[in-house]
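If you want the building blocks of each chain, they are given just below.
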Amino acid sequence: MRLHDDQLKEISARFQAEMKKGLSSESNAAAAVKMLPTRVRSTPDGTEKGQFLALDLGGSRFKVLQVKVREGMGIRRGGVEMEEKIYPMPKELLIGRGTELFDHVSESLKDFLHEKNISLEKKHPLAFTFSFPCEQATLNQGFLLNWSKNYRARGLQGKDVVQALREAIDRTGGMDVEVLAMVNDTVATMMTCGFDDQYCEVGLIIGTGTNACYMEELRHVDLVEGDEGRMCVNTEWGAFGEDGALNDYITEFDRDVDATSNNPGKQIFEKMVSGMYLGELVRLVVLKMAKLGLLFDGHVSDALRTKGKITTAHVAAMENYKDGLKNTKNLLTDLDLTPSSDDCVAVQHVSTIVSFRSSNLVAAALAAILSRIKQNRNLRTLRITVGVDGTVYKKHPQYPKRLHKVVRRLLPECHVRFVLSDSGSSKGAALVTAVAQRLASRRRQVDETLSPFKLSQEQLQLVKTRMRSGLEAGLKSKGPSTIKMLPSFVYRTPDGNEHGKYLALDLGGTNFRALLVNFKKGLQQNSRLYHKIYTIPLEIMQGTGEELFDHIAQCVSDFLDYMGMKNAHLPAGFTFSFPCEQTAIDTGTLVSWTKGFKATDCEGQDVVSMLREAIKRRNEFDLDIVAVVNDTVGTMMSCAYEDPQCEIGLIAGTGTNVCYMEQLKNIEKTQEKTGKMCINTEWGGLGDDGSLDDIITPYDIEVNQNSINPGKQRFEKLTSGMYLGEVVRQVLLDLTRGGLLFRGHVTEALKTPGIFQTKYLSQIESDRLALLQVRSILQQLGLDSTCEDSIIVKEVCGAVSRRAAQLCGAGMAAVVDKIRENRGLDHLNITVGVDGALYKLHPHFSGVLQETARVLAPQCNVTFLPSEEGSGKGAALITAVATQKQE
Ligand code: BG6
Ligand code: BG6
Ligand code: GLC
Ligand code: GLC
């Protein structure tokens, strides 16, 4: 049992390897030392406050407490007041039914409330120190991996003990208690000591059992998402050796202790170290020596043969400085032995060797933890405090000194301070709970803020109904309608016979595009496409009409140069993604600008003429503008070229809109009454008459008021890329002002309209992104966030984009059901051609949209086909159809 320093160093190295094994997700399952993440991310900082009940279960004493934490200011930490009562824990409960154990716990709690005159009406937050290995996904949950020490209650292993406690409290009744956090005793001890010493980042227990926890870098904790900051890891080092790692140090006495224990094969290290076993080890050695005739003249008493007759308290007494030998004599006499003074010296020596081995082993394992921390932080020297608790450490007169000495010898380069936890672990548990309480109340407030974004099935059904009435009203020639239902003069989708070279211009999405498309008859796959993208500066979007169209003409000129086709005089199609009143395929009067455009002198004008005039002004090239089409129509045509079932076009991009093939007989505005025509619905206008006010949130109102077209495009403002980021920003502003985000600091970045572009929303919501990456996106945007902040930002984005997708899905359900009813069908199979950055780039938008449409239009089987080449190709197809008709 004597271990010299080389051996201790070796044991230390082995334990280091075990820690690594436990931390890695690959080897954790097979690791003996479980390295359990505790969800505790920081040591106390003095801002903790509140009044808590606490339960302390698993050490040598079961206690109920009340802990009051007063907040401190600046570097001055707050104060803590505690009242406690120790309750008996009958032995039979330790090995009885789990429910009975917890009933006893909760009845003791109730008794405590009575005795201390604590109100039974008020809700009391509770901190739970539970000194056993638990897997924790959150602070208020803990699945018991296995019992250790003297506990073996049935029916709790693998169960959530917090839930078991809650159920017991319910069974007892008459108390309003909320269990907010559960912590291991090591963690609670570290927190207790951390309240007075900011260097305390290790918690150590040498009591009935033994264990340690420490602050590990989160990037090394594979089992927890995130890479930044630290998390306290409960090592459960008592299990060290379960896989044989200590076999060469194990004695026959250790084997005996293990074989007769509650949990044979388990907690091998603990059985060499902790209070529950030290006395027994001494007894077994003394017994063997007596049997060999080395003690008591070979006399062995029944008492000496009886398990448990020598306890850790005896070990401590035997090693007492002054009275050690006297105590040894008394103990041996009590065991019906008649020891000589040599016997007493020898037995005292045995005791010393056993307890010395214990402190040496703890020193070796602790040295492993400390040097790991030092390596993690890349430090040459480490200044650190270890918070310690447990009866062995507290009651054994020599133990602390021996331990400290060996640790310092093993780690000469570390300045290690040991602090005894004066007030047990409950103070620390309450501090953890205070943080948990703050988070829980933040959670509630965030949930409340986001709840208006969560639409019920009934609300979505209502949106579908309103969309349907809007579509019907728009088809009428008279009466008001927020949905314009503009005839497109496109009568059919392509049939594959289109051929020739066409130019297409595409204005109104994120960018302006010029394209050249070459169609070959019957060879859809082989159509060739060349394009170039141009950005339209904001001052052009919002300058004069002439400037805007001159700019377009300049881009076209550049494109023709680039293609070497300046003199080709090509037929051209113009995708113009705004509402236009059309009387023919090649004229379109702009009804009103939408999205980010506001160029003057365009509304009420024919945009084709404006483009022709700009080309004329430039006097450099000529174009034959054959068709003007909305982007929805272009998208539908482009997808229909691949899939003849495609009779709907959907855009979910900067703006949102839908077109579909309607029966001419239903369109009052047109003369013809047979066949079909594509209708550009301009569904973004739904709600402009207030019909969506019941789902509109204060954030939407703010976004609408700050937009360039207040009161217009209300549906679009709830659903499209140009606005979603702004809605998110408004929510974040509100949460920040309420102190729930960014530490309450409203920064310039957050006050900047437009910082959250759709692409950022898409990135933030990507499931593949670690929190750290979310933080770095926010950082790029000038938003300094903590981990918790990033989680909330991601949630806000999720709520806003989900609502958008659901609303589009509800709208789509109205459209497909209308088409189905037009055709008098019970069941409709139809394809929707889709385009737009929101649909294509957002990780969840398309899924939620499709699912909503499926649920709200159960009689339709809707296939969504993303457009490959944008709507420009569709415009070219329409041009081809139109020119070939002319031919
Ligand atoms: C106490 C803690 O201070 O130390 C207990 O509050 C913990 O929860 C104990 O288990 C460890 O010591 P022992 O000796 O009572 O097992
Ligand atoms: C493109 C079309 O493919 O999709 C554009 O060609 C359209 O005309 C756009 O407006 C919609 O997407 P976004 O995301 O650019 O608005
Ligand atoms: C046992 C438990 C552990 C606890 C320790 C000290 O080892 O498994 O969770 O920390 O005892 O009480
Ligand atoms: C806006 C426009 C509409 C366009 C849509 C998608 O809603 O008004 O015409 O189709 O954005 O780009």
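What counts, and where the lines are drawn
Residues numbered from 1 in each chain as written. Chains lettered and ligands numbered in written order. Predicted model: local features only at pLDDT ≥ 70, side-chain atom pairs only at ≥ 80, totals over all residues. Heavy atoms only, no water. UniProt positions renumbered as here; feature names shortened; annotations may be inferred. Near = heavy atom within 4 Å. Polar contact = N/O pair within 3.5 Å; in protein donor to acceptor, adjacent residues only side chain to side chain. Areas by Shrake-Rupley, 256 points an atom, 1.4 Å probe, with all protein chains shown as cover. Nonpolar A, V, L, I, M, F, W, Y, C, P; charged D, E, K, R; others polar. Pairing = 2+ DSSP bridges. Helix = DSSP H or I, 4+ residues; strand = E, 2+ residues; numbered from the N terminus. Axes fitted to C-alpha atoms, helices over the stretch in contact; angles between N-to-C directions. Contact = heavy atoms within 4.5 Å. Patch = residues over 30% accessible without salt bridge, like charges linked within 9 Å, V, L, I, M, F, W, Y side chains within 5 Å. Salt bridge = Lys/Arg side-chain N within 4 Å of Asp/Glu carboxyl O. Lys, Arg positive; Asp, Glu negative; His and termini not counted. Charge placed at Lys NZ, Arg CZ, Asp CG, Glu CD. Buried < 20%, exposed > 50% of the residue type's maximum accessible area, 1.4 Å probe, protein only. Arc of directions from axis to C-beta. Core = buried A, V, L, I, M, F, W, Y, C linked by side-chain atoms within 4.5 Å. Phe/Tyr/Trp six-rings, centres within 6.5 Å; stacked < 30°, edge-to-face > 60°.

As recorded by an unreviewed UniProt entry, the chain carries the name Hexokinase-3 and is attributed to Dicentrarchus labrax. Looking at the chain in UniProt, the text filed under Function (unreviewed entry) is "Catalyzes the phosphorylation of hexose, such as D-glucose and D-fructose, to hexose 6-phosphate (D-glucose 6-phosphate and D-fructose 6-phosphate, respectively). Mediates the initial step of glycolysis by catalyzing phosphorylation of D-glucose to D-glucose 6-phosphate." Here is the UniProt Sequence similarities (unreviewed entry) comment for the chain, exactly as written: "Belongs to the hexokinase family."

1. Let's talk about the site of ligand 4
Close to ligand 4 lie 15 residues; Lys595, Asn630, Asp631, Glu682 and Glu716 are nearest. In the model, an oxygen atom of ligand 4 is placed 2.5 Å from a nitrogen or oxygen of the aspartate 631 side chain. Glutamine 713 places a side-chain nitrogen or oxygen 3.4 Å from an oxygen atom of ligand 4. The fraction of the free accessible surface of ligand 4 (300 Å²) that becomes covered by protein chains is 99%. Partitioned by chemical class, the residues of the shell around ligand 4 number three nonpolar, eight polar and four charged.

2. Topic: the sheet that holds strand 3 (residues 62-69)
Strand pairing within a sheet occurs via backbone hydrogen bonds; the two strands may be parallel or antiparallel. With respect to topology, five strands assemble into an open sheet ordered 4-3-2-5-8, the strand pairing being mixed. The open sheet has two edge strands with one neighbour each: strand 4 (80-87) and strand 8 (177-183). Here the strands of the sheet are splayed against their neighbours by 25° on average, with no regard to which way each runs. Pairing of strand 3 with strand 4 involves eight bridges; the strand directions are antiparallel. What sits directly across from lysine 68, in strand 4, is glutamate 81. Strands in contact with helix 15 (residues 426-450) are strand 2 (50-57), strand 3, strand 4, strand 5 (124-130) and strand 8; relative to strand 8, the strand with the most contacts, it is inclined by about 120°.

3. Quick look at the side chain of threonine 251
Structurally, threonine 251 is set in the loop between strand 11 (230-234) and helix 6 (252-259). Setting aside residues no more than four positions away along its own chain, threonine 251 makes contact with Met1 and Arg357.

4. Digging into the site of ligand 1
Of all residues adjacent to ligand 1, which total 14 residues, the nearest are Asp56, Ser60, Thr208, Asp389 and Thr391. The separation between an oxygen atom of ligand 1 and a polar side-chain atom of aspartate 389 is 2.4 Å. Here an oxygen atom of ligand 1 and a side-chain polar atom of threonine 391 are 2.4 Å apart. Look at ligand 1: alone it shows 380 Å² of surface, and the protein chains cover 94% of it. Among the residues making up the shell around ligand 1, the classes are represented as one nonpolar, ten polar and three charged.

5. Quick look at a negative patch on the surface
A contiguous patch of negative charge, built from Glu546, Glu547, Asp601 and Glu613, is present on the exposed surface. Inspection of the secondary structure assignment puts glutamate 547 in helix 18 (residues 545-563).

6. Some details on the sheet that holds strand 22 (residues 646-652)
With mixed pairing, six strands are arranged side by side in an open sheet as 14-24-23-22-25-26. Strand pairing shows two members of the sheet lacking a second neighbour, strand 14 (486-487) and strand 26 (860-866), which therefore form its edges. In terms of strand pairing, strand 23 (residues 656-663) meets strand 24 (residues 676-680) through five bridges, oriented antiparallel. For methionine 661, the partnering residue across the bridge sits in strand 24 and is cysteine 678. The strands touched by helix 20 (residues 631-640) are strand 22, strand 23, strand 24, strand 25 (828-835) and strand 26; relative to strand 22, the strand with the most contacts, the crossing angle is about 130°.

7. Here we look at the environment of arginine 77
Along the chain, arginine 77 turns up in the loop between strand 3 and strand 4. Put simply, arginine 77 and valine 179 are 102 residues apart on the chain and 25 Å apart in space, counted from C-alpha to C-alpha. Excluding residues within four positions of it along the chain, arginine 77 makes contact with Pro44, Asp45, Gly46, Gly72, Gly194, Phe195 and Gln198.

8. Focus: helix 21 (residues 698-706)
Within helix 21, burial applies to Tyr699, Asp700, Val703 and Asn704. One side of helix 21 carries all its buried residues, which in axial view fall inside an arc of 135°. Of the residues in helix 21, the exposed ones pointing more than 90 degrees away from the buried face are Pro698 and Gln705. On its buried side, helix 21 packs onto helix 15, helix 22 (714-719), helix 23 (721-737) and helix 26 (787-822).

9. Digging into the environment of serine 785
You can see serine 785 is positioned in the loop between helix 25 (771-780) and helix 26. The sequence separation of serine 785 and leucine 741 amounts to 44 residues, and the corresponding C-alpha distance is 8.2 Å. Apart from the residues lying within four places of it in its own chain, the contact partners of serine 785 are Phe742, Arg775, Leu778 and Ser790.

10. With respect to the nonpolar core
In this structure, Ile648, Phe756 and Met812 are the most contacted members of the largest nonpolar core, which totals 101 residues. For this core, the leading source of residues is helix 26, giving 17 residues. What isoleucine 648 contacts, discounting residues up to four positions off in sequence, is Met636, Val658, Cys659, Tyr660, Met812, Val815, Val816, Ile819, Ile830, Thr831, Val832 and Gly833. Core analysis: the second largest hydrophobic core is formed by 81 residues, Leu23, Ile310, Val347 and Ile384 among them.

11. As for the packing of aromatic side chains
Scanning all chains against the criterion turns up 26 aromatic pairs. Measuring from centroid to centroid gives 4.9 Å for phenylalanine 578 and phenylalanine 597, while their planes differ by 65°, and the two rings are edge-to-face. Taken together, the positions of phenylalanine 578 in the loop between strand 18 (571-576) and strand 19 (580-584) and phenylalanine 597 in the loop between strand 20 (587-590) and helix 19 (607-618) put the pair 19 residues apart, joining distant regions of the chain. Joined through ring pairs, the aromatic side chains of Phe102, Phe128, Phe130, Phe132, Trp147 and Tyr151 make up one cluster.

12. Quick look at the environment of valine 626
In this structure, valine 626 sits in strand 21 (residues 624-629). Residues valine 626 and asparagine 709 lie 83 residues apart in sequence; the distance between their C-alpha atoms is 31 Å.

13. Quick word on the pattern of salt bridges
In total, this model carries 56 salt bridges according to the counting rule given. Its salt-bridge partner being lysine 49, residue glutamate 71 comes within 3.5 Å of it at the nearest N-O pair. With glutamate 71 in the loop between strand 3 and strand 4 and lysine 49 in the loop between strand 1 (36-37) and strand 2, this residue pair connects regions lying 22 residues apart in the sequence. Since its relative accessible area comes to 49%, lysine 49 is described here as partly exposed. Note that glutamate 851 and arginine 854 form a salt bridge whose closest N and O atoms lie 2.9 Å from each other. Taken together, the residues span about one helical turn, with glutamate 851 and arginine 854 both in helix 28 (residues 845-856) at a distance of three residues. Looking at glutamate 851, the relative accessible area reads 38%, which means it is partly exposed. Through salt bridges with shared partners, a single ionic network connects Lys464, Arg468, Glu472, Glu662, Asp817, Lys818, Arg820 and Glu821.

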